[in-house]
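A structural walkthrough
Chain residues, written in single-letter form:
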Amino acid sequence: MCGVALLAGCSKPVVEEAPQPTPPPEPPAYTYTPEPIDSFISTEKLEEQWATVERYRMPERPVVRGIYLTSYSVSNEAKLQELIDLTDRTELNAMVINVKDDWGNITFETDLAISREAGAVHPDLGDAKRLTARLKEKGIYTIARVVTFKDAWVPRTRPEMAVARVGGGVWADYNDVTWLNPYSKEAWDYVVSVAKEAAKAGFDEIQFDYVRFPTDGNLDTIVYPGKDDRAREQVIADFLDYARRELRPYRVWVSADVFGLVTSIPDDMGIGQLLEPASAAIDIISPMVYPSHYIPGNLGVANPNAMPYETVYNSMLDAKERWEKAGLTGQITMRPWLQDFSWGHPYGPAEVRAQIQATYDAGYSEWLLWNAANEYTEAALEPEKKP
């Protein structure tokens, strides 16, 4: 991974982007009302969203049961084949692959001028079209993970798109990572341009992560240029709605990751993630309900990390109740991220399977497994049912 210190040495080629096909005119944007919760959603808004789906004749999606892959795992042929073989042997049928990672690296070959100018292109995936074609031959549904506002590259060459610092300059979190400004339309367009490139490369779905305001840093020194009177949850929902509409002509599904507590907390926690408006703006929402990330007493569970079934089940029930109240049931897909790693409590086949079963028991059928090292517990998975 190319470090931030290498920015000065990166070349800055001027590349003309290929002309884009002219899509049909888009329906007008809709907005969200911050309060009360049940006014976020209306029948008209949902009808508009799904009319757009029909207009672009969106492809059918499988019932997704997937795993996360870093670009490093994909670039390592032995590791990639190991994970493809795992999907052959088990119920797994999808892969979430970094195309814009946690540092803002663009992991596939692209001529996007902003990315190249910033030195952000580090194409571990190589030719993404070849990758998606290979995976589709194996029946694997492909999801491009796009880290949205967290970005260690572009804000340093395009400070006008960045979260700023009191007194001037670009703000950075405790890890010296900069962030794109959620109020910046130019920042929106950059992120969506990466997503469009992934869509053209053959990915079936775009998944936005870190689609929120920053948390890990001195928040008292932050300035948001262009800040308006919208609530933060509306800013995030407006971005997701904009991204979904921009991506519809490419016939890709759109999903977003949110913190696990989003299913249960009635406000946006100061980060702009609120379940109802975020859900209504996209096709699939993926709360990260890792039991290790809850504290004792959360969700009414004495020790969430040691009680994975209860933790995931209660979280999913909270989401179900809120969706029913908001009229979202049957309109949007709930697909939680589940924990396949040990952190504070040992996790093996029983703990991983308990989370999957809890998802089913709460009435949902899709899920994703997260392990940062991409080491997955095969014994927790059902064998592939061959025709």
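Basis of the calculations
- Residues numbered from 1 in each chain as written.
- Predicted model: local features only at pLDDT ≥ 70, side-chain atom pairs only at ≥ 80, totals over all residues.
- Heavy atoms only, no water.
- Helix = DSSP H or I, 4+ residues; strand = E, 2+ residues; numbered from the N terminus.
- Buried < 20%, exposed > 50% of the residue type's maximum accessible area, 1.4 Å probe, protein only.
- Areas by Shrake-Rupley, 256 points an atom, 1.4 Å probe, with all protein chains shown as cover.
- Lys, Arg positive; Asp, Glu negative; His and termini not counted.
- Salt bridge = Lys/Arg side-chain N within 4 Å of Asp/Glu carboxyl O.
- Contact = heavy atoms within 4.5 Å.
- Core = buried A, V, L, I, M, F, W, Y, C linked by side-chain atoms within 4.5 Å.
- Axes fitted to C-alpha atoms, helices over the stretch in contact; angles between N-to-C directions.
- Parallel < 35°, antiparallel > 145°, perpendicular 65-115°, else oblique.
- Left-handed = near helix turned anticlockwise from the far one by under 90°.
- Arc of directions from axis to C-beta.
- Polar contact = N/O pair within 3.5 Å; in protein donor to acceptor, adjacent residues only side chain to side chain.
- Nonpolar A, V, L, I, M, F, W, Y, C, P; charged D, E, K, R; others polar.
- Phe/Tyr/Trp six-rings, centres within 6.5 Å; stacked < 30°, edge-to-face > 60°.

1. What to know about the overall build of the chain
Helix and strand content of the chain: 11 helices and 11 strands. In the chain, buried positions account for 57% of the 387 residues. Working note: accessible area of the chain is about 15,900 Å², and carbon and sulfur atoms make up 53% of it.

2. Topic: the side chain of Lys150
Structurally, Lys150 is set in the loop between β3 (141-147) and α6 (154-157). Asp102 provides the closest opposite charge to the buried, salt-bridge-free Lys150, at an N-O distance of 4.9 Å. If sequence neighbours within four positions are ignored, Lys150 has contacts with Lys100, Asp102, Gly104, Asp173, Val177, Thr178, Trp179 and Tyr210.

3. Some remarks on the nonpolar core
Counting 113 residues, the largest nonpolar core has Met95, Ile97, Tyr190, Ile206, Phe208, Phe239 and Leu240 as the members making the most contacts within it. Broken down by element, this core gets its largest block of residues, 9 residues, from helix α7 (residues 185-200). Every residue in contact with Met95, bar those within four places of it in the chain, is listed here: Ile67, Leu69, Leu83, Ile84, Thr87, Leu135, Ile140, Tyr141, Thr142 and Ile143.

4. Some words on the pattern of salt bridges
Under the defined criterion, the tally for this structure stands at 28 salt bridges. Of the charged contacts in the structure, one is a salt bridge between Asp111 and Arg116, with a shortest N-O distance of 3.9 Å. Judged by its relative accessible area of 22%, Arg116 is partly exposed. In this structure, the salt-bridge partner of Glu197 is Lys200, at a minimum N-O distance of 2.7 Å. Residue Glu197 and its partner Lys200 are both found in helix α7; the two are separated by 3 residues, about one turn of the helix. On the accessibility criterion, Lys200 (34% relative accessible area) is partly exposed. Via salt bridges that share partners, Arg61, Glu205, Arg335 and Glu366 belong to a single interconnected network.

5. Looking at the packing of α7 against helix α8 (residues 232-247)
Where α7 meets α8, the closest approach of the two axes is 10 Å, and the angle between their N-to-C directions is 40 degrees. With respect to α8, the axis of α7 lies oblique. As for how α7 packs across α8, the hand of that crossing is right-handed. Across the interface between the two elements, Lys185, Trp188, Asp189, Val191, Val192, Ala195 and Lys196 from α7 touch Val235, Asp238, Phe239, Tyr242, Ala243, Glu246 and Leu247 from α8.

6. Observations regarding helix α5 (residues 128-137)
The periodicity of an α-helix, 3.6 residues per turn, causes residues three or four positions apart to be oriented the same way. Turning to α5, its buried residues number three or more, namely Ala128, Leu131, Thr132 and Leu135. Summarising the axial view, the buried residues of α5 lie within an arc of 90 degrees, below the 170-degree limit, and thus occupy one face. Among the exposed residues of α5, those oriented more than 90 degrees off its buried face are Lys129, Arg130 and Glu137. Contacts from the buried residues of α5 go to α2 (71-75), α3 (77-89), β2 (94-100) and β3. Where α5 begins, the side chain of Asp127 points an oxygen toward the backbone nitrogen of Lys129, at a separation of 3.0 Å. Directly after α5, the chain includes Gly139, whose backbone phi takes a positive value near 75 degrees.

7. Description of the packing of α3 against α5
Orientation of α3 relative to α5, taken along the N-to-C sense of each, is 30 degrees, at an axis distance of 11 Å. As summarised for this structure, α3 and α5 are arranged roughly parallel, according to the angle between their axes. The hand of the α3/α5 crossing is right-handed. Residues Glu77, Leu80, Gln81 and Ile84 of α3 form the contact with α5, whose participating residues are Leu131, Arg134 and Leu135. Of the residues that constitute the contact of α3 with α5, the class distribution is 4 nonpolar, 1 polar and 2 charged.

8. Quick word on the environment of Gly348
Mapped onto the elements, Gly348 comes out in the loop between β10 (337-339) and α11 (349-361). Separated by 29 residues in sequence, Gly348 and Thr377 place their C-alpha atoms 6.9 Å apart.

9. Thoughts on the packing of aromatic side chains
All told, the structure shown has 13 aromatic pairs when counted by the stated rule. On the basis of an interplanar angle of 65 degrees and a centroid distance of 6.2 Å, the ring pair of Trp179 and Tyr210 is categorised as edge-to-face. Taken together, the residues Trp179 in the loop between β4 (164-165) and α7 and Tyr210 in the loop between β5 (205-209) and β6 (222-223) connect sequence positions 31 residues apart. Judged by relative accessible area, Tyr210 falls into the buried class, the value being 19%. Among the aromatic residues, ring-to-ring pairing joins Phe149, Trp188, Phe208, Phe239 and Tyr242 into one connected group.

10. Some details on unusual backbone geometry
Its identity as a non-glycine residue notwithstanding, Met269 has a phi of 60 degrees, on the positive side. Mapped onto the secondary structure, Met269 falls in the loop between β7 (253-259) and α9 (275-280). Backbone geometry at Leu299 places phi at a positive 60 degrees, although glycine is not the residue there. Here Leu299 is to be found in the loop between β8 (284-288) and α10 (308-326).

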